[in-house]
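Tertiary structure, described
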Amino acid sequence: MDNRPIGVLDSGLGGLTVLKKVIEKMPNESTIFIGDQANMPYGDRSREEIISLTRDSVNFLLSKDVKIIIFGCNTATAVAMSTIQKEIPLQIIGVVQSGALAAARTTDTKNVAVIGTNATVDSHSYLKEIQYRDPEIQVSEFAQPQLAPLAEEDPSEDIKKVVVKESLASLKDADYDTLVLGCTHYPLLRDEIVEVVGQDKKIVDPADQVAQYTYNVLRRDGLFAAEGHDTKHEYYTTGEAKKFTEITRQWMNDDTINGYHVNAEE
Ligand code: DGL
């Protein structure tokens, strides 16, 4: 038994889509979330910057005595995870590996499309991880640099529709039956994405598999929290706490949430 919290990080609010699934799957577990909103988007940054910023958030979570760390960010997983995993004793769980597994299991035609940030697409992490599981699967990757900032701003429905349609035009002639939401911000735009790609495409949100995998790891390592312990959820941002709290309450469906500002570089 281990009552320490599960740590979840992202460049911004997208990681909440992962956190939500983790809490749904393991309601007895405490969690600590940090969104590095002051530095998002990570997707347009250099490898060095992404590693350094992710390391700051990891160190913040370590200072909070977490028992495991989930990178609720595809960009951080694709670019920084292998480097940072060598530096810390705790296990890191990334979203890309789970998303790749889910995609390989979901596709019938063996044609998968992945949308993600520039950095995730440039790393070809999804291509490698999916073909590692099934070399016959054809993977087409499409960078959508406009979409994470769009989800983060949470603008009107009309603006979301226009920007998503414009952005996804690059997929128009692609051949795929399964679309991976390869950025944790995209589930926040899921309805708009489905409207453009069509109901017939199968959508993979890696968060479901991440929650399942985290559950498996905690069970394997005897790390579940004790039944009846005092479960807590803490929310931190490197950005502005008021707006963060507002959106987090809305997305997590919980009006009791308070978000706090933190400077992860300290
Ligand atoms: N949510 C992040 C991801 O999954 C990235 C958004 C960004 O900061 O560019 O890739």
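Residues numbered from 1 in each chain as written. Predicted model: local features only at pLDDT ≥ 70, side-chain atom pairs only at ≥ 80, totals over all residues. Heavy atoms only, no water.

Considerations on the pattern of salt bridges
Two side chains bearing opposite charge may form a pair once their charged atoms approach each other closely. Under the definition given, this model contains 14 salt bridges. Note that Glu49 and Arg45 form a salt bridge whose closest N and O atoms lie 3.4 Å from each other. Given a relative accessible area of 27%, Arg45 falls into the partly exposed group. The partner of Lys202 in a salt bridge is Asp177, with the nearest N and O atoms 3.7 Å apart. One end of the pair, Lys202, is in strand 8 (residues 202-204); the other, Asp177, is in the loop between helix 8 (157-167) and strand 7 (178-181), with 25 residues separating them in the sequence. (Salt bridge = Lys/Arg side-chain N within 4 Å of Asp/Glu carboxyl O. Buried < 20%, exposed > 50% of the residue type's maximum accessible area, 1.4 Å probe, protein only. Helix = DSSP H or I, 4+ residues; strand = E, 2+ residues; numbered from the N terminus.)

Examining the UniProt feature "active site" (unreviewed entry) in the protein
Summarizing the sequence annotation, UniProt attributes the feature "active site" (unreviewed entry) to Cys73 and Cys183 in the numbering used throughout. Judged by maximum C-alpha separation, these annotated positions cover 111 residues in sequence but sit close together in space, the widest gap being only 6.6 Å. The residue Cys73 is located in the loop between strand 3 (68-71) and helix 3 (74-85) in this model. Apart from residues no more than four positions distant in its own chain, Cys73 is found in contact with Leu9, Asp10, Ser11, Tyr42, Val95 and Thr184. Overall, Cys183 belongs to the buried group, its relative accessible area being 6%. Sequence-distant contacts of Cys183, defined by excluding residues within four places in its chain, comprise Asn74, Ile115, Gly116, Thr117 and Ala148. (UniProt positions renumbered as here; feature names shortened; annotations may be inferred. Contact = heavy atoms within 4.5 Å.)

Some thoughts on the site of the ligand
Residues in contact with the ligand amount to 14 residues; listed here are only the nearest, Ser11, Tyr42, Asn74, Thr75 and His185. Thr184 places a main-chain nitrogen or oxygen 2.8 Å from an oxygen atom of the ligand. A class-by-class count of the residues in the shell around the ligand yields six nonpolar, seven polar and one charged. (Near = heavy atom within 4 Å. Polar contact = N/O pair within 3.5 Å; in protein donor to acceptor, adjacent residues only side chain to side chain. Nonpolar A, V, L, I, M, F, W, Y, C, P; charged D, E, K, R; others polar.)

Focus on the environment of Phe71
In this fold, Phe71 is placed in strand 3. For Phe71, a relative accessible area of 0% puts it in the buried group. Between the alpha carbons of Phe71 and Glu141 there is a distance of 21 Å; along the sequence they are 70 residues apart. Not counting the four nearest positions on each side in its chain, Phe71 is found in contact with Leu9, Thr54, Val58, Ala76, Thr77, Ala80, Met81, Ile84, Ile92, Ile93, Gly94 and Val95.

Digging into the sheet that holds strand 2 (residues 31-35)
The pairing of strands in a sheet happens through backbone hydrogen bonds and is either parallel or antiparallel. The six strands lie next to each other as 4-3-1-2-9-10, forming an open sheet whose pairing is parallel. Each edge of the sheet is formed by a strand with only one pairing partner; in this case those strands are strand 4 (92-94) and strand 10 (259-261). The sheet shows a mean angle of 20° between the axes of neighbouring strands, taken without regard to direction. With four bridges joining them, strand 1 (residues 6-10) and strand 3 adopt parallel strand pairing. (Pairing = 2+ DSSP bridges. Axes fitted to C-alpha atoms, helices over the stretch in contact; angles between N-to-C directions.)

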